[in-house]
Amino acid sequence: SFCTLLHHSGRMACCFSLFYDASGLTWGAELIASAIINSAKASQQQPGVNTDRPLSTEDCRVEVVLDDKLTPASGSQFRITDYSPRAFRYFREDPRFGNNISGEDWIKEWEETKSKPQSGALGSGKSGATFIPSANSYYLIKNIDKKEVGVQIDTLKQYLVHFERFPNSLIMRHLNLLKIEEVNQNGSVVLTKYILVSENINDVPSKLKIPIECWDLKGRIPKPGKLPHPSRTVGGTKKDKDLLRDFRVSSSMHKGLIDQLEKDTEYLKSHNLMDYSLLLCIVKTNLSLEQRKKLVSSTDENLGLTREALDTFLKSGSIAMRENVQRYHNGVVSSDGTEVFFMGVIDALTNYHGAKKLANCCKQFAFF
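Residues numbered from 1 in each chain as written. Predicted model: local features only at pLDDT ≥ 70, side-chain atom pairs only at ≥ 80, totals over all residues. Heavy atoms only, no water.

Asker: Looking at this structure, I do not really get the environment of Thr155. What am I missing?
Answerer: With respect to the helices and strands, Thr155 occurs in helix α4 (residues 146-165). Along the chain, Thr155 and Leu349 lie 194 residues apart, while their C-alpha atoms are 9.3 Å from each other. What Thr155 contacts, discounting residues up to four positions off in sequence, is Tyr267 and His271. (Helix = DSSP H or I, 4+ residues; strand = E, 2+ residues; numbered from the N terminus. Contact = heavy atoms within 4.5 Å.)

Asker: Mind showing me how you'd approach the side chain of Arg292 here?
Answerer: Here Arg292 shows up in helix α6 (residues 289-299). Buried within the structure, Arg292 lacks any salt-bridge partner; its nearest side chain of opposite charge belongs to Asp336, at an N-O separation of 5.7 Å. Those residues within four positions of Arg292 in sequence are excluded, and the remaining contacts are Thr285, Leu287, Asp336, Gly337 and Thr338. (Buried < 20%, exposed > 50% of the residue type's maximum accessible area, 1.4 Å probe, protein only. Lys, Arg positive; Asp, Glu negative; His and termini not counted. Salt bridge = Lys/Arg side-chain N within 4 Å of Asp/Glu carboxyl O.)

Asker: So what exactly am I meant to see when it comes to helix α1 (residues 29-43) here?
Answerer: Given 3.6 residues per turn, any residue in an α-helix points the same way as the ones three and four places further on. Its 15 residues give α1 an end-to-end C-alpha distance of 21 Å, which sits within 8% of 21 Å, the value for a rise of 1.5 Å per residue. Burial analysis of α1 places 12 of its 15 residues in the buried class, the great majority of the element. (Expected span 1.5 Å × (residues − 1).)

Asker: Looking at this structure, I do not really get the state of the cysteines. What am I missing?
Answerer: Simply put, disulfide is the name for a covalent bond between the sulfur atoms of two cysteines. As enumerated under the stated definition, the model contains 0 disulfides in all. Cysteine Cys214 is unpaired, with the sulfur of Cys281 as its nearest cysteine sulfur at 3.1 Å. Note on Cys214: relative accessible area 4%, which makes it buried. (Disulfide = S-S within 2.5 Å.)

Asker: Which parts of the structure should I look at to understand the pairing of strand β4 (residues 77-83)?
Answerer: In the case of a regular strand, side chains alternate between the two sheet surfaces. Where burial is concerned, most of β4 is hidden: 5 out of the 7 residues are buried. In this structure, strand β3 (residues 63-65) lies alongside β4, joined through 3 bridges in antiparallel fashion. Within the sheet, the bridge partner assigned to Glu63 lies in β4 and is Tyr83. Two strands pair when backbone bridges link them, and β4 and strand β8 (residues 174-183) are joined in this way by 6 bridges, in the antiparallel orientation. Note that in β8 the partner of Gln77 across the bridge is Val183. (Pairing = 2+ DSSP bridges.)

Asker: What exactly am I supposed to notice about the pairing of strand β9 (residues 189-199) here?
Answerer: Judged by how many residues are buried, β9 sits mostly within the fold: 8 of 11 residues are covered. One ladder, built from 9 bridges, connects β8 with β9; its direction is antiparallel. Bridge pairing links Glu181 to Thr192 in β9. Following β8, the chain reverses through 5 residues before pairing antiparallel with β9; Gly187 in that reversal takes a positive phi of roughly 85 degrees.

Here it is, written out as structure tokens:
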């Protein structure tokens, strides 16, 4: 288990790519941001999070084809299908889930993204997924496959229940799910993309800039004969086999993290999910000894940092904590105050199905 990697005491690969349509032209952040905005505005016409109507199973499974079509400068038309819009809106806005993203702030971020679209980044994993950050890097757009869409919809109700029970969950927060289809003049679909919008685990305060290290950890023991290679990376992201260091946090933070990771992995196990990992991005604080002591003493409580609070402390040395913020979401300070860890459980939409079982069986026979 990767729980054992946190001891008591990255960034995504920058190989740039965009989503490509059938003719080889690119359609990226501007188009997808428009789709997200349309989705948000349509969901606001439905009963909100403060109504008496509770979230139903149907809310978690409904598919809504939006009436309006997007027509970029290329002239192609794009049809949007919004998966479970009311459920995802609940998840974004209801404070019980620990997100508390207002509809206005959500739309504002995507309006900014539309006006100044970001470049895509190819992930370091085997899936070849492309990631595009929102304007202020609060959120990530990721293309996923149809099987993953099915897993998300099938588990969505229990996914929300898990976050309601454990708002400090380290599982990546999925905030919107869309299907975008390019439709030609004959009305035929020529390209389909499934778009998942999530929090950006690597949303580092501006003062910290770029992480110095990024780890994708599964808790694996290196295979026989494969020794750790600290200089070997895959797309700039290090793996279990490269691990020759500790990640040291205070005793109370250590206990809280391990407890939460165990609850999260139990939830994932109960839904027969696999191939997830702990994404861990590390930054240096570059603070004086006195400042580091103050930062550690301020954060070694059952309280959460806000993005603004950590950013302000790194600039001015003053810090304010808030009880209604996720405890681990905006950084975990190391026990000596020299580093801040940004972490989350990613890629948790793969079922342990027949093909995976066969692959695992073949791997086991490879060692005989």
